Amino acid sequence: MRCIYENVEKSMHSAQFLVNDLAELKKQVGDVPELLWCLKHAEQIADYLERLNRPFDKISAKEREKAL
């Protein structure tokens, strides 16, 4: 269980970094269709990971440790 939670957390952070980097690149180069496609999908992945992580957020840290 801990491994799953840690992997989701790491993935969420990586996805958010990717979204931020792509958004910064968009500011620099403009609305390149391929870049917009990548940004859209990176945002979707970040959103899915955030939703996947929500059940873990509802569990208190103490309960989470006990479950692990």
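Before reading further, recall that the structure is shown in the block above.
Novice: How should the overall build of the protein be read in this particular structure?
Specialist: Of the regular secondary structure elements, the protein holds three helices and zero strands. Its helices and strands in sequence order give the protein the pattern α-α-α, from N to C terminus. Here the protein holds 68 residues, and the buried ones make up 19% of them. Within the protein, counting contacts between residues at least 6 apart in sequence, those at least 24 apart form 62% of the total.

Novice: Mind showing me how you'd approach the nonpolar core here?
Specialist: What tends to happen in soluble globular proteins is that the nonpolar side chains get buried as a cluster. Residues Ala15, Val19, Leu22, Leu35, Leu39, Ala42, Ala46 and Leu49 constitute the largest nonpolar core, which totals eight residues. Looking at this core, the elements that each hand over two or more residues are helix H1 (2-29) and helix H2 (33-58). With five residues, the single largest contributor to this core is H2. In this structure Ala42 touches Leu18, Val19 and Leu22, once residues within four positions along its chain are discounted.

Novice: Looking at this model, I keep getting lost on a nonpolar patch on the surface. Mind explaining?
Specialist: A cluster of nonpolar side chains, namely Leu25, Val29 and Val32, defines an oily patch on the protein surface of about 210 Å² accessible area. Structurally, the position occupied by Val32 is in the loop between H1 and H2.

Basis of the calculations
Residues numbered from 1 in each chain as written. Predicted model: local features only at pLDDT ≥ 70, side-chain atom pairs only at ≥ 80, totals over all residues. Heavy atoms only, no water. Helix = DSSP H or I, 4+ residues; strand = E, 2+ residues; numbered from the N terminus. Buried < 20%, exposed > 50% of the residue type's maximum accessible area, 1.4 Å probe, protein only. Contact = heavy atoms within 4.5 Å. Core = buried A, V, L, I, M, F, W, Y, C linked by side-chain atoms within 4.5 Å. Patch = residues over 30% accessible without salt bridge, like charges linked within 9 Å, V, L, I, M, F, W, Y side chains within 5 Å. Areas by Shrake-Rupley, 256 points an atom, 1.4 Å probe, with all protein chains shown as cover. Salt bridge = Lys/Arg side-chain N within 4 Å of Asp/Glu carboxyl O.

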